[in-house]
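Summary of structural features
In case you want the letters, here they are:
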Amino acid sequence: GGRATRPAGNPFWKAITESCGVLREESSHLEAENARLRKAVHALAQLAEEGGVRCDDILKRHDLEPLRAPPKADAARGLPAPTPFSLYTEVAQHEAAVYCAEFSPAGTLLASGSFDRTVAVWDMEALQHRELAPLHTSSVLDVAWANDSRQLLSAGLDAAAVLWDVEQGVACATPFHGKGMLLAARAHPALHNVFLVSDSREHIVALDRRQPRGPAAVALNDSVVYSIATDSTGAHFLTGDQLGRLRVWDFRQLEAPLPLDVGPPLTLAGGDAALRCVQLLDIDGRHLVAAGCADDSLSLYSGSSLLSLGLEHRLKGFTDGNFGVRCAFHVSRRHVRAVPGTETPEGDAPSAPPLLLAT
């Protein structure tokens, strides 16, 4: 019934973790090739359907999803037909699977991390690539922007967290090396110099970029944390872990700049499958939390506070069994300009209900 120990410096454990990283990279290459083949088959089937040839039986025989009819309006519920997504643009820089991507707070830059061990940054207005020095020695699993959109933190299987000066394309400081593979990263929304990362040794580490020599605080979960999300104030943050639990942590700054204190967690929900992705949206005085699981399910929680979240919906997707459901909130915004002589504020305002995207 006891848990296995993983002593530091154990060569057997180190060999196992390195082998797992290599196998995961190889698996990503196979998954990418499989996805390209499936996409090509569906494209051919679509052309055949347009020519009057039914292909559903062929697709079913090869364990492929059938072609789907265009979405229709739901008159009974008063809902219009959903607008299908279309490809805006495609940027290509990585030589292996892209595992993570995040837009900057300013919305003009897109950062991505890949199994090819590199981090790419794109100017989405000019569609130009900004080169970053190759410092990771293994797959990059997460990226997190600082609030000023000028610096970026990347975290990888090599246990390294690298803080980048995006404009210069170089590391701002010596990379932080954790005690295990770094799996998730998130910037603190209120403390502009603080980032959170989680590792494979069940630690949640707070890094302060003003103190590059070591972590500002360390919290220990009792299972591996795969995803981190913060509320808009930074008083709390959420984690999704290997045991399928959604947990709320109390995060306070006692003194500036150090130390930081991470209070004990409150477990809100638990399941049978690991929580691979947790996303949080604060809107109109309510908190929306999406949790993607390794069993290919997606749960949506809502509440007036993080401590009063309740389950609203739970959806089950197609069984994949590899990476689980990844998700993100999208809020469509319209620009509101100040009218001369009035008190109308200038800024962005939501123009439609938020969307939850999942894959």
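Read on for an overview of the structure. (Residues numbered from 1 in each chain as written. Predicted model: local features only at pLDDT ≥ 70, side-chain atom pairs only at ≥ 80, totals over all residues. Heavy atoms only, no water.)

Across its full length, the protein chain carries two helices and 26 strands. By the burial criterion, 40% of the 359 residues in the protein chain qualify as buried. When contacts within the protein chain are restricted to residue pairs at least 6 apart in sequence, long-range pairs at least 24 apart make up 42% of them. When the accessible area of the protein chain is evaluated, it comes to approximately 20,500 Å², of which 54% is carbon and sulfur surface. (Helix = DSSP H or I, 4+ residues; strand = E, 2+ residues; numbered from the N terminus. Buried < 20%, exposed > 50% of the residue type's maximum accessible area, 1.4 Å probe, protein only. Contact = heavy atoms within 4.5 Å. Areas by Shrake-Rupley, 256 points an atom, 1.4 Å probe, with all protein chains shown as cover.)

Let us now look at unusual backbone geometry. Despite not being glycine, Ser-149 shows a phi value in the positive range, around 65 degrees. By the element assignment, Ser-149 lies in the loop between strand 5 (140-145) and strand 6 (151-156). Classification of Ser-149 as buried rests on a relative accessible area of 12%. The phi torsion at Asp-284 lies on the positive side, around 55 degrees, for a residue other than glycine. Within the secondary structure layout, Asp-284 lies in the loop between strand 19 (275-283) and strand 20 (286-293).

Topologically, Ser-302 is positioned in strand 21 (residues 297-303). Classification of Ser-302 as buried rests on a relative accessible area of 8%. Setting aside chain neighbours within four positions, we find Ser-302 in contact with Arg-286, His-287, Leu-288, Ser-308, Leu-309, Gly-310 and Glu-312. Within the structure, the side chain of Ser-302 is placed 3.4 Å from the side chain of Arg-286, a separation counted as a polar contact. (Polar contact = N/O pair within 3.5 Å; in protein donor to acceptor, adjacent residues only side chain to side chain.)

What follows is about the side chain of Ser-223. Considering the arrangement of structural elements, one finds Ser-223 in the loop between strand 13 (217-220) and strand 14 (225-230). The exposure class of Ser-223 is buried, given its relative accessible area of 2%. Looking at Ser-223, its side chain comes within polar contact range of the side chain of Asp-241, at 3.3 Å. With residues near it in sequence (within four places) discarded, Ser-223 still touches Glu-202, Asp-241, Gln-242, Leu-243 and Arg-245.

What follows covers the packing of aromatic side chains. One pair of aromatic rings is described through two measures. These are the centre distance and the angle between the planes. Across all of its chains, the model carries two aromatic pairs by this definition. Geometrically, the ring pair formed by Tyr-99 and Phe-115 is stacked, given 5.3 Å between the ring centres and 20 degrees between the ring planes. With Tyr-99 in strand 1 (residues 98-103) and Phe-115 in the loop between strand 2 (109-114) and strand 3 (119-123), this pair connects stretches of sequence that are 16 residues apart. Note on accessibility: Tyr-99 and Phe-115 belong to one class, buried. Seen in terms of ring centroids, Phe-237 and Trp-249 are 5.9 Å apart; in terms of plane orientation they differ by 0 degrees. Their pairing is stacked. With Phe-237 in strand 15 (residues 236-241) and Trp-249 in strand 16 (residues 246-253), this pair connects stretches of sequence that are 12 residues apart. Classification of Phe-237 by relative accessible area gives buried; the value is 1%. Against the face of Tyr-226 rests Arg-276, its NZ or CZ located 4.2 Å from the ring centre. Over the ring of Tyr-99 we find Arg-326; its NZ or CZ atom is 5.1 Å from the centre of that ring. (Phe/Tyr/Trp six-rings, centres within 6.5 Å; stacked < 30°, edge-to-face > 60°. Lys NZ or Arg CZ within 6 Å of the ring centre and 35° of its normal.)

Spatially, the four strands line up as an open sheet ordered 10-11-12-13, and their pairing is antiparallel. The sheet terminates laterally at strand 10 (182-187) and strand 13, the two strands that pair on one side only. This sheet shows a mean twist of 20 degrees between the axes of neighbouring strands, independent of strand direction. Pairing of strand 11 (residues 194-199) with strand 12 (residues 203-208), which is carried by five bridges, proceeds in the antiparallel orientation. Each residue of the ladder has a partner; that of Val-194, found in strand 12, is Asp-208. (Pairing = 2+ DSSP bridges. Axes fitted to C-alpha atoms, helices over the stretch in contact; angles between N-to-C directions.)

What follows is about the sheet that holds strand 2. Spatially, the four strands line up as an open sheet ordered 1-2-3-4, and their pairing is antiparallel. The sheet terminates laterally at strand 1 and strand 4 (128-130), the two strands that pair on one side only. On average, adjacent strands in this sheet sit at an angle of 25 degrees to one another, irrespective of strand direction.

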